[in-house]
Amino acid sequence: MNRGPDQSLEALANATGAQSVTVLRGVGPAVAEALEKLGIRLLQDLWFHLPLRYEDRTRITPIADLQVGQSALVEGLVTAVERGFRFRPMLRVAIEDASAATVTLRFFHFRAQQVEAFAPGARFRAYGEVRYGAQGPEIIHPEYQRLQFAAPLTATLTPVYPATAGLGQKTIVRLVRDALRCLPSGAGFDLLPEALRQRLHLGDLRSALWKVHAPSADDDIAALVAGRHPAQRRLAVEELLAHQLSMRRLRQLIRAAPAAAIALPSLRRASLLAALPFALTGAQQRVLAEIDQDLQSGAPMLRLVQGDVGSGKTVVAALAALAAADSGVQTAVMAPTELLGEQHLRTFTQWLAPLGVNIVWLAGKVQGRARRDALAAIAGSADIVIGTHALMQEGVQFRHLGLVVIDEQHRFGVHQRLALRNKGVAGSAVPHQLVLTATPIPRTLAMAAYADLDTSVIDQLPPGRQPVQTVAIKASRRAEVIERIRHAAAEGRQAYWVCPLIEESEQLEAQAAEVTFDNLRACLPEVRIGLIHGRLRPKDKQAVMAAFSAGEVRLLVATSVIEVGVDVPNASLMIIENAERMGLAQLHQLRGRVGRGATLSSCVLLYQSLPELARERIRVMRQTHDGFQIAEKDLQLRGPGQILGTRQTGMIGFRVADLTRDADDLPLLRDASEWLLEHAPDAVEGLIHRWIGAGVNFAEA
Ligand code: ADP
Ligand code: MG
């Protein structure tokens with residue numbers, strides 16, 4: 001550890017990215033340990049430890065121009081200091097500048113010396129996020145400095161890094177810069193060959209890294225802050241390519257393995273088709289034929305079936321599962337919620353049990369004896385296992401898993417899909433994968449997010465469906481809506497009343513639903529009303545759903561648990577409270593719960609107020625029933641993170657890329673990744689390793 005500065009410089013001169021960060025000056029055991037927490041062990045890890053954002057301290061903002069929500073550097077004289085102890089200690093310092101406006105610096109923790117320093121008339125410079133305060137703009141706990149003399153401003157943007165305890169921003173900035181000095185200058189470092197860079201109009205990696213870590217004074221500051229600097233684009237495109245390549249690699253690896261053998265034609269298919277109360281639509285037949293072809297091809301199927309809400313994806317999956325059962329291999333059907341899983345259990349049982357197919361249920365809440373029985377069946381005679389995430393747990397051993405069906409893909413991530421698939425590695429045959437989603441994903445996005453899947457589209461609804469009449473009504477006219485339910489119930493129709501909250505709290509959501517439930521019961525004593533939310537015991541949930549399916553319960557008060565997949569054709573009225581708070585995709589999903597039977601259905605969107613964006617959403621909902629159009633519009637209004645559900649799944653945790661900002665580059669990925677696979681296969685490995693690392697488990701793929 002006794003390393004003199006000279007020795008260290010010498011070490012650095014010959015350093016490579018694969019060397020430990022401990023070759024850097026000032027990295028002893030404690031710092032090394034803190035870096036390790038950030039996943040940084042080697043010099044090259046520091047190169048790719050990219051800034052989260054930048055702070056612009058290159059200029060002083062006149063206080064009169066401060067904008068709430070913006071971070072800014074201000075400078076001025078102290079005009080007043082106030083120390084308070086009302087609820088907790090507080091220090092407020094008013095600063096005024098030449099723009100004759102005042103900003104308050106507010107502290108909740110401070111020392112006596114600090115208070116003394118803020119003497120009226122003293123000059124201060126402060127940096128922080130501006131908020132609305134009682135007396136105008138304020139900055140809470142700003143970084144600040146007392147100026148005795150005129151002090152120069154920082155010449156460049158200040159990068160802000162992901163940090164960890166025991167490691168300040170200043171240290172990270174210094175270490176990154178020291179590490180950058182070891183960037184190799186040779187050609188091998190840039191994994192994107194010159195020819196490809198030219199095609200994509202990208203700069204070289206070395207300069208891009210210097211730019212983003214250590215921008216210079218004459219750089220385009222606005223572009224960097226907005227993430228639209230060419231250097232950032234260079235890194236984002238490389239990262240997107242790495243993801244694309246890793247998904248394709250995954251696909252190749254899976255497809256190279258032999259598939260579970262499923263023979264066609266399926267023996268009992270004709271019996272099921274004859275027993276169904278409807279004929280398949282042309283679109284369903286076409287998609288089923290595509291699936292059949294995959295199942296027969298000898299390679300594992302990797303197929304995404306997109307179909308709008310109510311297009312009839314379930315029966316297609318059931319037909320594939322029946323084919324698997326006919327060949328003696330098992331199917332796992334995984335649903336994102338218990339409610340939806342249970343519904344599949346009912347549907348599959350109704351369709352397939354009469355044909356002698358053995359169906360088993362497994363969810364996290366199945367415990368004790370029931371669980372042991374389920375596990376025994378899964379390892380034995382079960383043909384189809386339906387459940388939730390619980391299917392992926394360790395200890396769940398299939399006899400011979402041949403087909404994996406994942407419903408409503410957007411709630412699961414790539415890795416979860418892999419985990420279930422890995423259950424099937426019996427010998428070397430790999431199960432087929434069928435992924436169903438009602439989220440119509442715009443094409444370019446689908447290519448970025450599901451590069452490993454082939455796609456089929458059920459682009460036709462079953463005949464006789466009437467469009468759901470959609471109206472928007474102010475919440476103050478609630479009484480009229482309640483009358484409407486009274487009439488509908490009297491005519492034997494059924495209704496949903498959905499109370500979603502924007503907060504992602506199951507508890508708050510449940511409370512809101514309970515209040516509405518009590519309220520509606522008081523208004524509609526003659527109507528049998530049920531309540532369902534995520535916090536009910538599974539047994540109670542089942543009982544309510546069964547009663548609603550059977551038509552005994554007329555009005556179902558629900559939280560957004562019913563958003564996905566619930567299918568009760570007799571329900572023809574849907575009330576959605578606080579509709580202005582919901583995104584288009586969610587509204588479309590909810591509305592899709594009605595309009596499934598022969599009766600003309602309607603959907604009432606209740607709102608408290610209609611800000612511009614909400615007005616636009618409701619207009620779209622009234623105008624169209626086409627999920628694809630709605631998705632395109634949703635993409636415009638909200639951005640893809642929301643659409644793909646990355647929030648829930650962390651499906652794509654990009655470091656620099658941003659699917660909204662980089663939307664224009666998405667269409668390039670396919671060609672570019674093909675070009676790389678063909679012309680620079682060695683670089684592919686390196687790219688995946690650099691950006692994704694051990695995140696994807698190829699070894700087991
Ligand atoms: P989704 O694609 O949203 O999952 P479902 O599979 O739940 O849709 O199907 C919606 C409803 O339509 C179900 O009641 C189902 O039985 C019915 N259905 C499916 N296919 C047809 C068809 N070809 N003709 C009539 N009804 C159908
Ligand atoms: Mg469905």
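Residues numbered from 1 in each chain as written. Chains lettered and ligands numbered in written order. Predicted model: local features only at pLDDT ≥ 70, side-chain atom pairs only at ≥ 80, totals over all residues. Heavy atoms only, no water.

> Before we move on, can you summarise the overall build of the protein with the specific residues and values?
When helices and strands are tallied, the protein shows 26 helices and 21 strands. About 31,300 Å² of surface is accessible on the protein, with carbon and sulfur atoms providing 51% of the total. (Helix = DSSP H or I, 4+ residues; strand = E, 2+ residues; numbered from the N terminus. Areas by Shrake-Rupley, 256 points an atom, 1.4 Å probe, with all protein chains shown as cover.)

> Describe the sheet that holds strand β13 (residues 401-407), listing the residues and the values that go with them.
Across the sheet, which stays open at both edges, the seven strands sit in the order β11-β12-β10-β13-β14-β9-β15 with parallel pairing between neighbours. Single-partner strands in this sheet number two, and they are β11 (359-362) and β15 (454-458). Within this sheet the neighbouring strands show an average axis-to-axis angle of 20°, counted without direction. Across four bridges, β11 lies against strand β12 (residues 384-387) in parallel orientation. Within β12, the residue paired with L362 across the bridge is G387. Docked against the sheet, helix α13 (residues 338-352) engages β10 (330-334), β11, β12 and β13, running at close to 170° with respect to β11. Strand contacts of helix α14 (residues 368-378): β10, β11 and β12, with the helix running at about 135° to β11, the strand carrying the most contacts. (Pairing = 2+ DSSP bridges. Axes fitted to C-alpha atoms, helices over the stretch in contact; angles between N-to-C directions. Contact = heavy atoms within 4.5 Å.)

> So what about the nonpolar core? Which residues, and what values?
L35, L46, W47, L209, L235, L676 and W691 are the most contacted members of the largest nonpolar core, which totals 61 residues. Considering every element that reaches this core, the biggest residue donor is helix α9 (residues 230-256), with eight residues. The contact partners of L46, leaving out residues within four places of it in the chain, are V21, L24, L35, I40, L175, V176, A179 and H213. (Core = buried A, V, L, I, M, F, W, Y, C linked by side-chain atoms within 4.5 Å. Buried < 20%, exposed > 50% of the residue type's maximum accessible area, 1.4 Å probe, protein only.)

> Summarise the sheet that holds strand β17 (residues 494-498); cite the residues concerned and give the values.
Strands sit in the order β16-β21-β20-β17-β19-β18 across an open sheet of six strands; the sheet is parallel. If you trace the sheet from one side to the other, it starts and ends with β16 (469-474) and β18 (529-532), each paired once. The sheet shows a mean angle of 20° between the axes of neighbouring strands, direction not considered. Bridge count between β17 and strand β20 (residues 571-576): five bridges; the pairing is parallel. Counterpart to Q494 in the pairing with β20 is A571. Helix-sheet contacts for helix α17 (residues 478-490) involve β16, β17, β19 (555-558), β20 and β21 (602-607), and the interaxial angle to β20 is about 165°. The strands touched by helix α19 (residues 538-549) are β17, β18, β19 and β20; relative to β18, the strand with the most contacts, the crossing angle is about 140°.

> Could you give me a rundown of the site of ligand 1, with the residues and numbers involved?
Surveying the vicinity of ligand 1 reveals 16 residues, the closest of which are G310, K313, T314, R465 and D567. Taking R465, its side chain carries an N or O atom lying 2.7 Å from an oxygen atom of ligand 1. D567 has a polar side-chain atom sitting 2.6 Å from an oxygen atom of ligand 1. Here ligand 1 loses 88% of its free accessible area of 560 Å² to cover by the protein chains. Of the residues that constitute the shell around ligand 1, the class distribution is five nonpolar, six polar and five charged. (Near = heavy atom within 4 Å. Polar contact = N/O pair within 3.5 Å; in protein donor to acceptor, adjacent residues only side chain to side chain. Nonpolar A, V, L, I, M, F, W, Y, C, P; charged D, E, K, R; others polar.)

> A description of the pattern of salt bridges should follow, citing residues and the corresponding values.
Summed over the entire model, instances satisfying the criterion amount to 38 salt bridges. Across the pair E238 and R690 runs a salt bridge whose closest N-O atoms are separated by 2.7 Å. Residue E238 is located in helix α9, and its partner R690 is located in helix α26 (residues 681-691); the two are separated by 452 residues in the primary sequence. Taken as a pair, E238 and R690 share a single burial class, namely buried. A salt bridge links E491 to R493, with the nearest nitrogen and oxygen atoms 3.5 Å apart. (Salt bridge = Lys/Arg side-chain N within 4 Å of Asp/Glu carboxyl O.)

> Please set out the packing of helix α7 (residues 205-213) against α9 residue by residue, giving values where relevant.
Taken N-terminus to C-terminus, the directions of α7 and α9 make an angle of 120°; their axes are 8 Å apart at the nearest point. Handedness of the α7/α9 crossing: left-handed. Contacts between α7 and α9 involve L205, A208, L209, K211 and V212 from the former and A231, Q232, R234, L235 and E238 from the latter. Within the contact of α7 with α9, the residues separate by chemical class into six nonpolar, one polar and three charged. (Left-handed = near helix turned anticlockwise from the far one by under 90°.)

> Tell me what's going on with helix α25 (residues 666-679), and back it up with residues and numbers.
Between its first and last C-alpha, α25 extends 20 Å over 14 residues, near the 20 Å set by a 1.5 Å rise per residue. Of all the residues in α25, the buried ones are L666, L669, A672, S673, W675 and L676. (Expected span 1.5 Å × (residues − 1).)

> Break down α17 for me, with residues and values.
Along its 13 residues, α17 runs 19 Å from first to last C-alpha, staying within 8% of the 18 Å computed at 1.5 Å per residue. Within α17, the full set of buried residues consists of V481, I482, I485, A488 and A489. Each buried residue of α17 lies within a common arc of 120° when the element is viewed along its axis, so the set occupies one face. In α17, the exposed positions angled more than 90 degrees off the buried face are occupied by A479, H487 and A490. Positioned one or two residues after α17, G492 has a phi angle of 85°, which is positive. (Arc of directions from axis to C-beta.)

> So what's going on with the pairing of β21? Which residues, and what values?
Two faces make up the sheet, and in a regular strand the side chains alternate between them. Most of β21 sits out of view: six of its six residues are buried. Burial of β21 is two-sided: the residues S602, V604 and L606 facing one way and the residues C603, L605 and Y607 facing the other way are all buried. The sheet contact formed by β16 and β21 spans six bridges and is parallel. Bridge pairing links Q469 to S602 in β21.

> Please provide a residue-by-residue account of the packing of aromatic side chains, values included.
Counted according to the given criterion, the structure contains eight aromatic pairs. Between F107 and F118, the ring centres sit 5.7 Å apart and the planes meet at 40°, which makes this aromatic pair tilted. Taken together, the residues F107 in strand β4 (residues 102-107) and F118 in the loop between α4 (112-117) and β5 (123-133) connect sequence positions 11 residues apart. Each member of the pair, F107 as well as F118, carries the same accessibility label: buried. With a centroid separation of 5.9 Å and an interplanar angle of 55°, the aromatic rings of F124 and Y144 are classed as tilted. Of this pair, F124 sits in strand β5 while Y144 sits in strand β7 (residues 143-146), and the two are 20 residues apart along the sequence. Aromatic ring contacts, followed pair by pair, group F107, F118, F124 and Y144 into a single cluster. Taking NZ or CZ as reference, R690 lies 5.2 Å from the ring centre of F189, over its face. (Phe/Tyr/Trp six-rings, centres within 6.5 Å; stacked < 30°, edge-to-face > 60°. Lys NZ or Arg CZ within 6 Å of the ring centre and 35° of its normal.)

> Can you explain the side chain of R591? Please cite residues and give values.
In this structure, R591 sits in helix α20 (residues 584-591). Despite its burial, R591 pairs with no opposite charge; the closest candidate is D308, at 7.8 Å N-O. Of note is the side chain of R591, whose polar atom sits 2.9 Å from the backbone oxygen of T624. For R591, the contacting residues outside a window of four places in its chain are V468, T470, C603, M621, T624, H625 and I630. (Lys, Arg positive; Asp, Glu negative; His and termini not counted.)

> I'd love a proper account of the environment of G227, names of residues and values included.
The topology assignment puts G227 in the loop between α8 (221-226) and α9. Here the alpha-carbon distance between G227 and V212, two residues 15 residues apart in the chain, equals 9.6 Å. Not counting chain neighbours up to four residues away, the residues in contact with G227 comprise Q232 and R661.

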